Amino acid sequence: MKKTELKKILKENITDWLAERSKQEEADSGDMAYTEKVPVKEKIAKIEDQIAEFYYVTKPTKESSVEELIKSGDVFEFAMSGLTREDISGIYKSEGRAKSAANKVIKERDIKLKETYKKGQNKLKAMEASIDEIKGQIEGKMSEATSNPDMRESLTAESNSLMEKLSMLETQINKLKEVLETEGMRFEKKKSKKSKKEDDKEDDKEKK
């Protein structure tokens, strides 16, 4: 075989090998690009949950009802609720226990609210008595200033100071009256609802 023919054969073989190798590299790079784009799904480990769903009772506000206090969920739902230890009154296995606990919490809240309301009423009475006393002192100072011209300036200053005190006290009384009026209306509304429920129960008994 001639040298020229041998060189030609070798050149053709090398060219074919390089072309095949280049195609293989492109295929490999395409496979790699595909694997990069497609995320590998991780297997989610199963968790043994022996608690499952439970019930929890939150702490009440002034307007909360029993139904609003009771919530339910599993551990993960509870964690996502954003509630903290300070927000929770109790955690229970059954809905019945949760309802009983919620009723107790509501009763305790109402007792405290009534105690606060009574304290407010007593405070109002004491403040109104103070107003009457200050008014009497102002009248006495003004009367004394009229009969004693030499002391008029100092007595007038004392009267002005008492009038400022009177004005501040009257403002506080008005605010307290508004709060007590709102609380009183809320108690009356609750009483009427309770009375209506009792009437409905009596009607049901009579129908039976």
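Please refer to the structure placed before this passage.
Now for a look at the structure at hand. Along each chain, the written sequence defines residue order, and numbers are assigned to residues from 1. Local features in this predicted model are restricted to residues of pLDDT 70 or higher, and side-chain atom pairs are both shown and tallied only at a pLDDT of 80 or more, whereas totals for entire chains, interfaces and linings draw on every residue. To obtain the side-chain values, all non-hydrogen atoms of the structure were used and water was disregarded.

Another point: the environment of K104. Helix and strand labels come from DSSP, where a helix needs a run of H or I of at least four residues and a strand needs a run of E of at least two; each type is numbered from the N terminus. As for its position among the elements, K104 is in helix α4 (residues 95-147). Three labels apply to residues, based on accessible area from a 1.4 Å probe with only protein chains included: buried if under 20% of the type maximum, exposed if over 50%, partly exposed otherwise in between. Overall, K104 belongs to the exposed group, its relative accessible area being 54%. For the pair formed by K104 and V66, sequence separation is 38 residues and the distance between their alpha carbons is 9.3 Å.

Glancing now at the pattern of salt bridges. Whenever a carboxyl oxygen of Asp or Glu lies within 4 Å of a side-chain nitrogen of Lys or Arg, that contact is scored as a salt bridge. Per the counting criterion, the structure on display carries four salt bridges. Linking E128 and K177 is a salt bridge whose minimum nitrogen-to-oxygen distance equals 3.8 Å. Remark: K177 occurs in helix α5 (residues 152-207) and E128 occurs in helix α4; sequence separation between them is 49 residues. Residue K177 is classed as partly exposed on the basis of its relative accessible area, which comes to 38%. E158 serves as the salt-bridge partner of K141, at 2.6 Å between the closest nitrogen and oxygen. Placement of the pair is K141 in helix α4 and E158 in helix α5, with a sequence separation of 17 residues. Residue K141 is classed as partly exposed on the basis of its relative accessible area of 24%. E158 sits in the partly exposed class, given a relative accessible area of 35%.

Along the chain, the position of S64 falls in the loop between β1 (54-58) and α2 (66-69). Setting aside anything within four residues of it in sequence, one finds S64 in contact with L69, I106 and R109. Only heavy atoms matter for contacts: two residues are in contact if any of them lie within 4.5 Å across the pair.

This part covers the environment of Y92. Checked against the element boundaries, Y92 lands in strand β3 (residues 88-92). Put simply, Y92 and V57 are 35 residues apart on the chain and 8.2 Å apart in space, counted from C-alpha to C-alpha. Sequence-distant contacts of Y92, that is, excluding residues within four places in its chain, are made with F54, Y55, V57, R97, A98 and A101.

From the geometry alone we can't say anything about function, so treat these as descriptive.
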